[in-house]
Amino acid sequence: MEQGQQEGLLENLLRFVLVLRGLGLKVSAAEVADALEALLLVNFADRSEVYQALRYTLVKEQRGEKLFKQAFEDYFAALGEVSEQGKGSAELSFQDQPLNLTREEQAVYSRLTREQRQGLQEFLARSSEGKNVSPRFLPVIEGLVKGQLDYYRRHMGEVLPVEFTGDEKLDSMLLNISQQLPEYEELLSRDMGLFSQDDLTRVKRVINKLTRKLSHGFNRRKRQSNRAGMLDLRNSIRHSIQHGGTIFKIKYRQKRQRKPDLMLLCDISGSMERYSSFVLQFCYCLNRVFQKMDTFVFAEKLALGGPGLKNSETMEKELQLAKQECGRGTNVGRSLQELQQNFHRFLGKNKVIVVVSDAKTMESQLAAAELKKLAGKAKDIIWLNPLAKSEWERYNAVKMLRKYCRMEECSTLAQLDSAMRKALI
Amino acid sequence: MQITLPWLKEALKGAGYICGDDIVMAVYLALQLEKPLLVTGAPGVGKTELAKVLSAIFQTELIRLQCYEGLDENKALYEWNYQKQLLAIQLAKEHGLAGGKEQDLFSEDYLLPRPLLKALLAPKKPVLLIDEVDKTDEEFEAFLFEVLSDFQVSIPELGTLQAKQVPIVVLTSNGERELSDGLKRRCIFLYMDYPEVEKEVAIIRAKVSGIEARLALEIAKAVNRIRSLELEKKPSIAETLDWAKALLLLGAGGLTPELVDKTCNLLLKEKADLDTFLTQLGPEELCSLARERGLA
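My aim in this report is to walk through the structure given alongside it, one point at a time. (Residues numbered from 1 in each chain as written. Chains lettered and ligands numbered in written order. Predicted model: local features only at pLDDT ≥ 70, side-chain atom pairs only at ≥ 80, totals over all residues. Heavy atoms only, no water.)

Considering the interface of chain A and chain B
How large an interface is tends to be reported as the accessible area lost when its parts come together.
Step number 1: Counting residues at the interface gives 35 residues for chain A and 35 residues for chain B.
Step number 2: Buried surface at the junction of chain A and chain B, summed over both partners, amounts to about 3200 Å²; 51% is from carbon and sulfur atoms.
Step number 3: At the boundary of chain A and chain B, one finds two salt bridges.
Step number 4: The partner of K26 of chain A in a salt bridge is D181 of chain B, and the shortest N-O contact between them spans 2.9 Å.
Step number 5: At the surface where chain A touches chain B, the tally comes to seven residue pairs in polar contact (both at pLDDT 80 or more). (Contact = heavy atoms within 4.5 Å. Buried area = accessible area lost by both parts, 1.4 Å probe. Salt bridge = Lys/Arg side-chain N within 4 Å of Asp/Glu carboxyl O. Polar contact = N/O pair within 3.5 Å; in protein donor to acceptor, adjacent residues only side chain to side chain.)

Quick look at the structure:
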């Protein structure tokens, strides 16, 4: 291959790698070098060979294959086209001045229906022509439009978050690809409160897989280690028998990794209504995997979860009964107080407490005080909050409770996966 | 030997390994780029078999390192033959010799090479199979980096030993835990999924001699349908072959509900899966689906 052709090939490959990285795939420089070498081994005229050569050198996890496939199809099919997505933001202007929107806001706008877009454009047109309206109103109008886009974003399905490259063509492509996500990726990144009944089977499968993988991390017997730790005298002597009693090698023992003792506190108040399906399924799978797990449900009051919660068939009924008992509001402080007074036998220094709640509670001072007391009685407290992290600062209760626990954002399955791994393994 | 894609495809087929073009390409790239091939997938899809077939194709030794929890460098790389060293010292003492120089005691005569070192020092390019690497811990994975990147190892007493011939390295993983990025980066990554019906028929006919085409097709369709259920453990290709052999032994010309009922435990190894199969599908419906025309 000529020098010029090779340079052209490298440039295209690098731009493609930028797209992959924007979609969240990790591609190192060494892998790019491997990909280039692989391309030189295959027939360029055969699209499938080029696809496979890039796939095997750039993608190192099964989950990435679907993203790669979509990216490959889009990139090599529409290399020279400018996507329609990039043009959308030019429609939003106030008195001929374009609004200053971030890429994320542009992405949301591009996903709106025609009616929604028209609505925003009409609003801007009316505002621009209003009486006594001047260009210095631009920041106010921008704020209103951004607020509306934020509202739309929270109420539409999530897309895979992408990291923009700064290159207009590539960024348009990234937007396009993220909206044609493979179903599985979309499920992982969708807000759980938006799951429909039809999604529940697939959600169940993903949560099942997640909790089983968590369990694997703890299925390790006591094992010997070469790293310095506790001396394993018995094995050191036993090993030396083959050398006539001379201890050539000192054996060490590593602490066995045990499954942690778990306590699950599920918020079943009205504000958690949207997440109740996820909470249900989560409880069920965790109960199957971590058999020694105590489950409590709370809203205005606390109640101990009965055996019905461990059974998928009786779970829904059990939950409805619990909601009647516990009320519809949220009082974390009172619930934690009850836990420590009436159920203190369930607590212990080996216990990891997992709280699933949006922390929108009354009596936040009481909640913080009780959580602080509880933190001293347990090994760790992990708070899984379905509320978006960007909104935590708006709620006083959340700010206060965060001081006494590890709070993780948990509105999507991908975030749940990450939070549980960090917390338990 | 010049390795080309068509040649490799024919060689794999000739060795009885039925696979798609995607697998052939992954193996081809691993061979040409001299990179380890990391094969992941559910148990029983043919990951280990691929390494065995490669050793048959290239008529070379298959060196296997079966990984397990607690595996360390002594068992994977090398160990000193302490008994021989002690005996040498004892003999030297008895014969009034100086006891041997220290460097003699730490020479290759007293080295017990384990699979990794054997593969590096082999005179002819071997196939090194590192089986179920996900069963080891992260420390062992980190130890493998030097071997898999530069095909060399450092032994304090002997220095750095470079591979005489870069081995063909195949790593397999069942995906029980996430492998480190460092390991994945150094390999060509191949995910093996369950085969399509057509491929599975070809595999059954290649591996189970004497089986009729009709029975092989029904078995492949039945297993494919069972895999679509929500199971704890889906039947692997190995289990499909066991089932095919069992049915052949029982003189089956085709699938019948009675035969399926008696032998489904060869496919489904969990009680929960057997219950799922019986409640959601059942032998009658399975046989009816298997007998339908076409591959769907």
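Side note on the packing of helix α10 (residues 197-207) of chain B against helix α12 (residues 237-249) of chain B
Residue and element names in this part refer to chain B.
Step number 1: Contact geometry for α10 and α12: axes closest at 10 Å, N-to-C directions at 55°. In terms of axis orientation, α10 runs oblique to α12. The chirality of how α10 crosses α12 is right-handed. From α10, E200, I203, I204 and K207 reach across to α12, where they touch I237, T240, L241, A244 and K245.
Step number 2: Here the contact of α10 with α12 is built from residues that sort into five nonpolar, one polar and three charged. (Axes fitted to C-alpha atoms, helices over the stretch in contact; angles between N-to-C directions. Helix = DSSP H or I, 4+ residues; strand = E, 2+ residues; numbered from the N terminus. Parallel < 35°, antiparallel > 145°, perpendicular 65-115°, else oblique. Left-handed = near helix turned anticlockwise from the far one by under 90°. Nonpolar A, V, L, I, M, F, W, Y, C, P; charged D, E, K, R; others polar.)

Observations concerning the sheet that holds strand β8 (residues 302-304) of chain A
The strands making up a sheet associate through backbone hydrogen bonding, with each pair oriented either parallel or antiparallel.
Residue and element names in this part refer to chain A.
Step number 1: Spatially, the six strands line up as an open sheet ordered β8-β7-β6-β9-β10-β11, and their pairing is mixed. For this open sheet the edge positions go to β8 and β11 (406-409), each flanked by a neighbour on one side alone. Adjacent strand axes in the sheet meet at a mean angle of 20°, parallel and antiparallel pairs treated alike.
Step number 2: In this structure, strand β6 (residues 261-267) lies alongside strand β7 (residues 293-298), joined through six bridges in parallel fashion. Residue L265 lies in a different strand from β7, and its bridge partner there is F296. (Pairing = 2+ DSSP bridges.)

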